[in-house]
Amino acid sequence: MAGQQFQYDDSGNTFFYFLTSFVGLIVIPATYYLWPRDQNAEQLRLKSLRRVHGRCLWYRLRLMKSQQSIVPTLKKAALLFGWVVFLLLAYKVSKLDREYQEYNPYEVLHLDPGATTSEIKKQYHLLSKKFHPDKGGDEAAFMMITKAYAALTNEQTKKNWELYGDPDGPRATNFGIALPAWIVDQKNSMLVLLVYGLAFMVILPVVVGTWWYRSIRYSGDQILINTTQLFMHFMYKTPNMNMKRLAMVLTAAFEFDPRSNKEATIRPTDNIEVPQLIRELGNINVKKKEPPFCYPYSLKARVLVLAHLSRMEISEDLEEDQRFAVRKSPALLQEMVNVGCQLTMMANSRGGFHAPRLVSIENCMKLTQMIVQGLQETKSPLLQLPHFDEEHLRYCVSKKYKVRSLQDLVSLKDSERRSMLRFLVEEKYDEVISVLGSFPHIAMETKLQVLDDEDSNNITAGSIVTVTVTLTRKRMAEVFEKEQDGSPCPGEEGANTEEGADASKAKTKVWQNNKKQATKKSKKKKLTKKKAPAAAATVAAAAAAAATAAAVAAVAAAATTTAPASSKTKQANGSVAGGDAVAVPKEDDEEGSDKGSESDEAEANKDSPSERDEESDKQSDTEVDEIAGDDEEEWEALQQSIQRREKALLETKSKVTHPVYSLYYPDEKQEWWWLYIADRRDQALVSMPYHVCTLKDTEEVELKFPAPSKTGNYQYSVILRSDSYLGLDQIKPLKLEVHEAKAVLDNHPQWDIPETEEEDEEQEDSDGIEESEDDDEDND
């Protein structure tokens, strides 16, 4: 009778199958994810960046790391060892004998399938003579031959073989457990229990507990929860935070405390070197006893960050700690911006406390720029360029050039720029131009609308306003290439001096628009104030001339009472022109008379009522078509915006944009930006800052905020700030005109049901009830 039997693997064959599968499940995915990528590609990428970023600290550290690191070699060795083990196991499994082989009596008798009974008997007699035990043959072989002969000649055994594959009928199914028998042997029971207990009761709980304890200490941005609470406490306590206070709060983060972060270190030499730096730096509030600012780790981190901003030279041990502090600072400052936004939202929704001022959040952004570039707030943005020192700035800020920003340097002509930077040799000058050309130039376009509304351009009180900002990133090199192309040719300068002067006045740089518009407005105001008396005089003279013209026109009208209306107007115009001593050409009079006659004929022809009706119908049709066209355009725009949102939700963009040129930052950093709307008069955020991390060429960002509850005109600012460069921030004015919200209709025409329809529905219901009653009576 068939059954099931479970037994351990005494021979070890099943265990090798299991072991081969297990090793393959580990080695194959590990090779895909852990095999070091092509080092040549990274070397080629670094080689392409060498011309611009060759002097950057992060570039030099990356080259040293790639040359000294042995981690890729160790990974390759471990993975290759795993593949060797896997291949050896696979070879071992391929050489194992199969335990189960299908029984075939024809093979035992050395016959072809389908042999006749006579052939089977003949072959049986031949083999039995050869393997019979009485004649010195093999007894086991003889038993196999006898069993095969019976399976092919006996009807019952042949039927069992055809159905179950065995002449004896169905047999028990054996299941082998892929574990060797010595594991369950009583002699080894204590050792096995000890291994199981150590693996599942000690090692596994310790690993899971350690991972869980570490994960709950960090937020989603890998910032310690205690640090976030610290930032929230001090931003709540000090809504208006200056740069000095901000640096103290930043360096008080628990990431710099060795008790909370093992990467932070306190060295015995800190007691000697840190006080020396404090004396060199000067006023850094050493005597402040407010915790945690007075703790040693906070004081050390503050000194190292301030020394980085001052570009001071320090010892090798402190330099390693300084790189750690500088590397951590941008992420911590981003967390401070997030905390400031959270407090602002809480203050706007709940009230009861003061939200952080706009200057506090903007100081966090500015400090990020300063740390990435290693510059203080008061220093010139030109110091971000290579080979620029404080002593060289006097050539730039002279009265001849007045270059104080990167944009001013770009706007200069090549000859003027080379003359100003004459302190640089040709090789260094080319490097400065290459670096300056790699800096970003952002074109910002804004569009104001109210989505999901009938009139998207009408902003009502309390509505959700959407500002769509389109950012286009170009290199500075493209900017001054355009300016070189737009400059006049040398041969044409003499012939078109006036046109060239007008064109040079009309051409303004993108970053100078706001300044020049403001200066033009101020000049216009001054001119209007100066010309006020002259304007009054001209107004008086114009009034007198109008009075005399009216008198002359009245006389002419009295003299020619029989003339038509058109001639009256002509004479009046002629008298006014004559009174003003302005000569009117005869051709103009003739043209005027022709136009007047044509207009008279047209008016005469329009007297028929049928033509008037036709024209009115045409006008109404054109108006309907225009309205329909506008609706279709709005519908298409709405569908496109919905598709863009869905695509943005599903699409995952890379945060690798463009490497930042930074002489003193220890890591490779990508260009990221903050975009937000603010009310600079009230020093408040209007929309929360959006961290743009995917701006490679073009990016479209939607900023949403509720419109003010009171009607009127509001002046906001759309602000774009870099988190890496100084002097590249942009501020664009945003005017908001808020109207009164439309009244909600209590009785919408959609719900107005005529009384006749209600009566018809009631009549149908009553007829249906009567018919059902009649049917019931018939059934009874």
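Residues numbered from 1 in each chain as written. Predicted model: local features only at pLDDT ≥ 70, side-chain atom pairs only at ≥ 80, totals over all residues. Heavy atoms only, no water.

## Things to note about the overall build of the protein
In plain terms, the rule: Going along the chain from the N terminus, every DSSP run of H or I of four or more residues is numbered as a helix, and every run of E of two or more is numbered as a strand. Residue burial is assigned from relative accessible area. The probe radius is 1.4 Å, only protein chains are included, and a residue is buried under 20% of its type maximum, exposed over 50%, and partly exposed in between. In this analysis, two residues are considered to be in contact whenever any of their non-hydrogen atoms come within 4.5 Å of each other. Note on areas: Shrake-Rupley with a 1.4 Å probe; residue coverage comes only from the protein chains shown.
Tallying secondary structure elements over the protein gives 27 helices and 10 strands in all. By the burial criterion, 32% of the 780 residues in the protein qualify as buried. Taking as baseline every contact in the protein between residues at least 6 positions apart, the subset at least 24 positions apart corresponds to 69%. By element, 55% of the accessible surface of the protein is carried by carbon and sulfur atoms, the whole surface being about 51,000 Å².

## A look at the environment of Y149
The residue Y149 is located in helix α7 (residues 139-153) in this model. Along the chain, Y149 and P105 lie 44 residues apart, while their C-alpha atoms are 7.3 Å from each other. With residues up to four places along the chain from it excluded, the contact list for Y149 reads L109, I120, K121 and Y124.

## Description of the environment of S315
Position of S315 among the secondary structure elements: in the loop between α13 (296-309) and α14 (316-349). As for S315 and E273, which are separated by 42 residues in sequence, their C-alpha atoms are 8.3 Å apart.

## Things to note about the packing of aromatic side chains
Worth spelling out the cut-off: Ring pairs are drawn from Phe, Tyr and Trp, using the six-membered ring of Trp, whenever the two centres fall within 6.5 Å, and their geometry is named by plane angle: stacked under 30 degrees, edge-to-face over 60, tilted for the rest.
Taken as a whole, this structure holds 16 aromatic pairs when the rule is applied. Judged by centre distance (4.1 Å) and plane angle (15°), the rings of Y124 and Y149 are stacked. Here Y124 is found in helix α6 (residues 117-131), whereas its partner Y149 is found in helix α7, with 25 residues between them in sequence. There is no split in this pair, since Y124 and Y149 are both buried. Geometrically, the ring pair formed by F439 and Y661 is tilted, given 6.4 Å between the ring centres and 45° between the ring planes. Of this pair, F439 sits in the loop between α19 (426-438) and β3 (440-449) while Y661 sits in the loop between α26 (609-650) and β5 (673-679); the two residues are 222 residues apart in sequence, bridging distant segments of the chain. For F439, a relative accessible area of 0% corresponds to the buried category.

## Digging into the nonpolar core
Selection rule: Nonpolar core, defined: a set of buried Ala, Val, Leu, Ile, Met, Phe, Trp, Tyr and Cys residues in which side-chain atoms within 4.5 Å join the residues together.
One finds L367, L385 and F388 to be the most contacted residues of the largest nonpolar core, which totals 82 residues. No other element matches the 10 residues that α14 contributes to this core. When sequence neighbours within four positions are dropped, the list of residues in contact with F388 reads L382, L383, L393, C396, L421, F423 and V432. Membership of the second largest hydrophobic core comes to 24 residues, among which are I442, L703, V718 and L734.

## Concerning the packing of α7 against helix α8 (residues 155-164)
So the rule is basically this: Angles here are taken between N-to-C directions and fall from 0 to 180 degrees, while the axes themselves are lines fitted to C-alpha atoms, restricted in helices to the stretch in contact. Just so you know how the angles are binned, under 35 degrees is roughly parallel, over 145 roughly antiparallel, 65 to 115 roughly perpendicular, and the rest oblique. Only Asp, Glu, Lys and Arg are considered charged, only Ala, Val, Leu, Ile, Met, Phe, Trp, Tyr, Cys and Pro nonpolar, and every remaining residue, Gly among them, polar.
It is at 5 Å that the axes of α7 and α8 come closest, and there the two elements cross at 95°. Relative to α8, the element α7 is oriented roughly perpendicular. Contacts between α7 and α8 involve A150, A151, L152 and T153 on the former and, on the latter, E155, T157 and K158. Its residues placed into classes, the contact of α7 with α8 shows 3 nonpolar, 2 polar and 2 charged.

## Looking at the side chain of H392
Along the polypeptide, H392 turns up in the loop between α15 (358-373) and α16 (393-396). Not counting residues within four places of it along the chain, the set of residues in contact with H392 comprises H387 and F423.

## Section: the side chain of Q449
Mapped onto the elements, Q449 comes out in strand β3. On the basis of relative accessible area, Q449 is assigned to the buried category, the value being 13%. In contact with Q449, not counting residues within four places along its chain, are S456, V465, T466 and T468.

## A word on the pairing of strand β8 (residues 698-706)
Threshold: Here the rule is simple: two strands pair whenever DSSP picks up at least two bridges between them.
Residues E699, V701, L703 and F705 point to one face of β8 and are all buried, whereas T698, E700, E702, K704 and P706, pointing to the other face, are not buried. As paired strands, strand β4 (residues 464-475) and β8 are joined by 9 bridges and run antiparallel to one another. Counterpart to T468 in the pairing with β8 is E702.

## Examining the sheet that holds β8
Across the sheet, which stays open at both edges, the 3 strands sit in the order β3-β4-β8 with antiparallel pairing between neighbours. Of all the strands in the sheet, just β3 and β8 have a single pairing partner and so form its edges. Strand-to-strand, the axes of this sheet are offset by a mean angle of 20°, without reference to chain direction.

## Side note on the pattern of salt bridges
Rules: The rule for a salt bridge is simple: a side-chain nitrogen of Lys or Arg has to be within 4 Å of a carboxyl oxygen of Asp or Glu.
Counted under the stated rule, the structure contains 24 salt bridges. Across the pair R680 and E362 runs a salt bridge, and its minimum N-O distance is 3.2 Å. Taken together, the positions of R680 in the loop between β5 and β6 (684-685) and E362 in helix α15 put the pair 318 residues apart, joining distant regions of the chain. Exposure remark for R680: the relative accessible area of 31% places this residue in the partly exposed category. The class for E362 is buried, based on a relative accessible area of 5%.

## Section: the environment of S438
Within the secondary structure, S438 is located in helix α19. Residue classification places S438 among the buried positions, given a relative accessible area of 15%. A sequence separation of 38 residues divides S438 from M476, and the C-alpha atoms of the two residues are 6.1 Å apart. Residues contacting S438, with those up to four places away along its chain left out, are V52, R473 and R475.

## A closer look at the packing of helix α12 (residues 270-281) against α13
Going by this rule: If you view the pair so one helix is near and one far, a crossing is left-handed when the near helix is turned anticlockwise from the far one by less than a right angle, and right-handed when it is turned clockwise.
In the contact formed by α12 and α13, the axes pass within 10 Å of each other and the chain directions differ by 50°. By the angle between their directions, the pair α12 and α13 is classed as oblique. Crossing hand, α12 versus α13: left-handed. Residues D270, V274, L277, I278 and L281 of α12 touch α13, and the partners they reach there are L299, K300, V303, L304, L306 and A307. In the contact of α12 with α13, the residues fall into 9 nonpolar, no polar and 2 charged.

## Considering α7
Our working definition: To estimate how far a helix should extend, the number of its residues minus one is multiplied by 1.5 Å. Contacts described as polar in this section are N or O atom pairs within 3.5 Å, which, within protein, must combine one atom able to donate a hydrogen with one able to accept it, while residues neighboring in sequence count only if both atoms come from side chains.
Helix length check: α7, at 15 residues, gives a terminal C-alpha distance of 21 Å against a target of 21 Å (1.5 Å per residue), a fit within 8%. Within the span of α7, buried status applies to F142, I145, A148, Y149, A151 and L152. Lining the buried residues of α7 we find α5 (105-108), α6 and α8. Of the residues that open α7, the one with a side-chain oxygen 3.3 Å from the backbone nitrogen of A140 is D138.

## A few points about helix α9 (residues 189-215)
Our working rule: One axis is fitted to the seven residues ending at the residue and one to the seven starting there. The bend at that residue is the angle between these axes.
Spanning 27 residues, α9 covers 38 Å between terminal C-alpha atoms, matching the ideal 39 Å at 1.5 Å per step. Roughly 30° is the biggest bend found in α9, and it falls at I203, with proline P205 one to four residues downstream.

## Remarks on the confidence of the model for the protein
Counted only if it meets this: A residue's pLDDT is the predictor's confidence in that residue, given on a scale from 0 to 100.
The share of residues in the protein with pLDDT of 70 or more is 69%, and the mean pLDDT across the chain is 77. For residues 487-607, every residue scores under 50 in pLDDT, and the model assigns this stretch 39 contacts once sequence neighbours within four places are set aside.

## Observations concerning unusual backbone geometry
In this structure, the amide linkage connecting P291 to the following residue, P292, adopts the cis form with an omega of 0°. The phi dihedral of Q222 is positive, around 60°, even though this residue is not glycine. Examined against the element boundaries, Q222 turns out to sit in the loop between α9 and α10 (225-237). At H387, a residue that is not glycine, the phi angle is positive and equals roughly 65°.

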